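As a plain string of letters, each chain reads:
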Number of protein chains: 2
Amino acid sequence: MSLPAPSSRRGRKFDQVLDGARQVFMTQGFEAASVDEIARAAGVSKATLYSYFPDKAQLFVAVVRNECNRQAETAVADIPRDAAPEQVLEQVARHIVGFVLSDFAQAVFRVCMSESERFPELARAFYDSGPRLGHDRISEYLTEAVAAGKLHIDDIPLAADQFAELCKTQLWMRAVFGIQTKFSRPEVDRVIRGAVDTFLARYGA
Amino acid sequence: MSLPAPSSRRGRKFDQVLDGARQVFMTQGFEAASVDEIARAAGVSKATLYSYFPDKAQLFVAVVRNECNRQAETAVADIPRDAAPEQVLEQVARHIVGFVLSDFAQAVFRVCMSESERFPELARAFYDSGPRLGHDRISEYLTEAVAAGKLHIDDIPLAADQFAELCKTQLWMRAVFGIQTKFSRPEVDRVIRGAVDTFLARYGA
DNA sequence: GGGACAATAGACCTGTTAGTTCAGTTTCGG
DNA sequence: CCGAAACTGAACTAACAGGTCTATTGTCCC
């Protein structure tokens, strides 16, 4: 009769469940993932699974929320404020590209987007913990750089997003569609160089 | 005993099936869509449906292929070659934004991407009929403009994609996640102006 | 050690799915 | 207006889904 406290008692099995669910949901999406498969992947029985989560939907939400948090942590990298804009931007670009092309970020993106109808709050969570976070970080830096006279930008929020967008050129689209999954260093460098050069052509001092 | 010729005899019912399947698949995705619902939406019995398509998967493929072709047609808009780059680019940008934000393109994108694991050939079809087609058109124009001395571009394929990417700034991401679905004219204008200005700052004569 | 109880596995239940079949009805060319 | 082909609608199967139940195991406190 008595359920174990659903969210307080988080033992070994709890993590196993979340982990198995992550594996399955992130590759299959919500509908296509079966609870049996999740239980199997987690090395746990269905009853155990259902003792921690009331239903499949809430397990899904928990998994994605978890991934979004991980994502937020990954995305937080400090920007060295003092270097020349060209160097700073290159570093930021490299970080963005690396993140955006990672299997992890792509899986989360894919799942959030395709289930954004069914679970709108997850799309929001993804956006806040990924794109929006990045946007805010870049905006902060740009604001400082403008104040220091290193850059000239009228519309900082727009510029920040433009830069992020430029970094994805040719890479992201191909990656999400599985048209090209691995990119060589020269390929990436070409895009990054292009992004920085174009950005600075417009906003450079 | 005798099946109707599966692909030659394409009567009224055939189109009804494809149409009903389009409605359901484009909103629900592959897994979540049930064949009964498709038949209902098509105003057709399941037996009829299965007389045209051997199974759900191939019906899905047919629908998406169809949508990709429609997409290709929509995307093909002639570029007025003679105007000044600023005007041409603005027009192209407006076209890109309009297309990218359309319910139609978003539905196709969403479905292709979330099923790209199960149906890799559809992801490819989408890419070829959308992003790649646009890329080729823009590249053509840029090549001419460079030859005419109106623009200075070293890496045309990269520049074409950069421009397309700049056009999506702030708009596309929010749209696919359902964070913002309608955009006012000023909002769009701001992005387009930003895209053209940034592009010309780098590549303008 | 022993009893109480949470944790667990796996069979089980109910509903739904894709896909098939078929007897009867509609449609339509000749 | 006839006959054949297209079509319907409902019943059917086999598989599988999410979720529950019961019987068993492991573990902690006295």
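Scroll up to find the structure this text is about.
Described below are features of the structure shown in this document.

What counts and what doesn't
- Residues numbered from 1 in each chain as written.
- Chains lettered and ligands numbered in written order.
- Predicted model: local features only at pLDDT ≥ 70, side-chain atom pairs only at ≥ 80, totals over all residues.
- Heavy atoms only, no water.
- Helix = DSSP H or I, 4+ residues; strand = E, 2+ residues; numbered from the N terminus.
- Buried < 20%, exposed > 50% of the residue type's maximum accessible area, 1.4 Å probe, protein only.
- Contact = heavy atoms within 4.5 Å.
- Areas by Shrake-Rupley, 256 points an atom, 1.4 Å probe, with all protein chains shown as cover.
- Lys, Arg positive; Asp, Glu negative; His and termini not counted.
- Charge placed at Lys NZ, Arg CZ, Asp CG, Glu CD.
- Near = heavy atom within 4 Å.
- Nonpolar A, V, L, I, M, F, W, Y, C, P; charged D, E, K, R; others polar.
- Salt bridge = Lys/Arg side-chain N within 4 Å of Asp/Glu carboxyl O.
- Least-squares fit on C-alpha atoms with pLDDT ≥ 70 in both.
- 1 Å grid on protein atoms, 1.4 Å probe; cavity = no way out; pocket = protein on both sides within 12 Å on 5 of 7 lines; lining within 4 Å.
- Points joined across faces, edges and corners; volume = space filled by probe spheres on them.
- Disulfide = S-S within 2.5 Å.
- Polar contact = N/O pair within 3.5 Å; in protein donor to acceptor, adjacent residues only side chain to side chain.
- Buried area = accessible area lost by both parts, 1.4 Å probe.
- Phe/Tyr/Trp six-rings, centres within 6.5 Å; stacked < 30°, edge-to-face > 60°.

1. Description of the overall build of chain A
Across its full length, chain A carries 11 helices and 0 strands. Helices and strands in chain A line up, N terminus first, as α-α-α-α-α-α-α-α-α-α-α. Taking the principal axes of its C-alpha atoms as reference, chain A extends roughly 70 × 35 × 30 Å. Residues counted as buried form 50% of the 205 residues belonging to chain A. Sequence separation of 24 or more characterises 70% of the internal contacts of chain A that already satisfy a separation of 6 or more. Here chain A displays about 9,600 Å² of accessible surface, and carbon together with sulfur accounts for 50% of that area. Looking at chain A, you have 25 positive and 27 negative side-chain charges, and the mean spots of the two groups are 5 Å apart.

2. Observations concerning the protein's contact with DNA strand D
Residues in close proximity to DNA strand D total 16 residues, the closest being A:Val35, A:Lys46, A:Tyr50, A:Lys56 and B:Thr48. Each atom of DNA strand D within 4 Å of the protein was classed as base or backbone; sugar and phosphate made up 63%. Sorting the residues of the surface near DNA strand D by element identifies helix H3 (46-52) of chain A together with helix H3 (46-52) of chain B as the ones contributing at least two each. Here the surface near DNA strand D is built from residues that sort into 8 nonpolar, 4 polar and 4 charged.

3. Remarks on the pattern of salt bridges
All chains considered together, the criterion is met by 29 salt bridges over all chains. The residue A:Arg94 makes a salt bridge to A:Asp189 at a minimum N-O spacing of 3.0 Å. Residue A:Arg94 is located in helix H5 (residues 85-101), and its partner A:Asp189 is located in helix H11 (residues 185-203); the two are separated by 95 residues in the primary sequence. On the accessibility criterion, A:Arg94 (28% relative accessible area) is partly exposed. Here A:Asp189 falls in the partly exposed class, since its relative accessible area comes to 27%. Across the pair B:Asp136 and B:Arg132 runs a salt bridge, and its minimum N-O distance is 4.0 Å. With B:Asp136 and B:Arg132 both in helix H8 (residues 131-147) and 4 residues apart, this pair spans about one turn of that helix. Overall, the relative accessible area of 31% leaves B:Asp136 in the partly exposed class. Where salt bridges share partners, they join A:Asp19, A:Arg22, A:Glu67 and A:Arg70 into one cluster.

4. A closer look at the relation of the copies chain B and chain A
Mapping chain B onto chain A calls for a screw motion: a turn of 180° about the axis and a shift of 0.1 Å along it, with 0.2 Å RMSD after fitting. Read as a symmetry element, the transformation amounts to a two-fold axis. Mapped onto chain A, 98% of the interface residues of chain B are again interface residues, and the two copies thus contact each other with one and the same surface.

5. Re empty space enclosed by the protein
Sizing a probe to match a water molecule and rolling it over the atoms shows the empty space that remains. All names here are of chain B. For the coordinates displayed, the defined rule picks out 1 cavity of 30 Å³ or more. Looking at the largest cavity, its volume works out to about 40 Å³. Taken together, Glu86, Glu90, Ile192, Arg193, Val196 and Asp197 make up the lining of the largest cavity. Secondary-structure elements contributing two or more residues to the lining of the largest cavity are helix H5 (85-101) and helix H11 (185-203). At 4 residues, the largest contribution of residues to the lining of the largest cavity is made by H11.

6. A look at helix H7 (residues 120-129) of chain B
Because an α-helix completes one turn every 3.6 residues, residues spaced three or four positions apart along the sequence face the same direction. Those residues of H7(B) not exposed but buried are B:Leu122, B:Ala123, B:Ala125, B:Phe126, B:Tyr127 and B:Ser129. At its buried positions, H7(B) is contacted by helix H10 (172-176) of chain A together with helix H4 (56-75), helix H6 (103-114) and H8 of chain B.

7. Details of the state of the cysteines
For the coordinates displayed, the defined rule picks out 0 disulfides over all chains. A:Cys68 supplies the cysteine sulfur nearest to A:Cys112, a cysteine that is in no disulfide, at a spacing of 4.5 Å.

8. Thoughts on the side chain of B:His135
By secondary structure assignment, the location of B:His135 is in helix H8. Side chain to side chain, B:His135 and B:Asp161 meet in a polar contact 2.8 Å long.

9. Thoughts on the environment of A:Thr143
Here A:Thr143 is to be found in helix H8 (residues 131-147). Counting along the chain gives 13 residues from A:Thr143 to A:Ile156, while the straight-line C-alpha distance between them is 7.1 Å.

10. Digging into the interface of chain B and chain A
Facing 40 residues of chain B, the contacting portion of chain A comprises 39 residues. Regarding the contact of chain B and chain A, the summed buried area is about 3,800 Å², with carbon and sulfur atoms giving 67% of it. Put simply, chain B and chain A have 2 salt bridges between them. B:Asp155 is paired through a salt bridge with A:Arg190; the nearest N and O atoms lie 2.5 Å apart. The interface formed by chain B and chain A contains 17 residue pairs in polar contact (both at pLDDT 80 or more). Breaking the side of chain B that touches chain A down by element, the ones donating at least two residues are H6, H7, H8, helix H9 (156-168), helix H10 (172-176) and H11 of chain B. Among the elements that take part in the side of chain B that touches chain A, H11(B) stands out by supplying 9 residues, more than any other. Of the residues in the side of chain B that touches chain A, the class split is 20 nonpolar, 8 polar and 12 charged.

11. Points about the packing of aromatic side chains
Using the criterion set out here, one finds 27 aromatic pairs over all chains in the structure. With centroids separated by 5.3 Å and ring planes inclined at 85°, the aromatic side chains of A:Phe14 and A:Tyr52 adopt a geometry described as edge-to-face. Of this pair, A:Phe14 sits in helix H1 (residues 12-28) while A:Tyr52 sits in helix H3; the two residues are 38 residues apart in sequence, bridging distant segments of the chain. Classification of A:Tyr52 as buried rests on a relative accessible area of 11%. For the ring pair A:Trp172 and B:Trp172, a centre distance of 5.6 Å and an interplane angle of 75° mean the geometry is edge-to-face. Highlighted residues: A:Trp172 in helix H10 and B:Trp172 in helix H10, drawn from two different chains. Here A:Trp172 and B:Trp172 have matching classes, each one buried.

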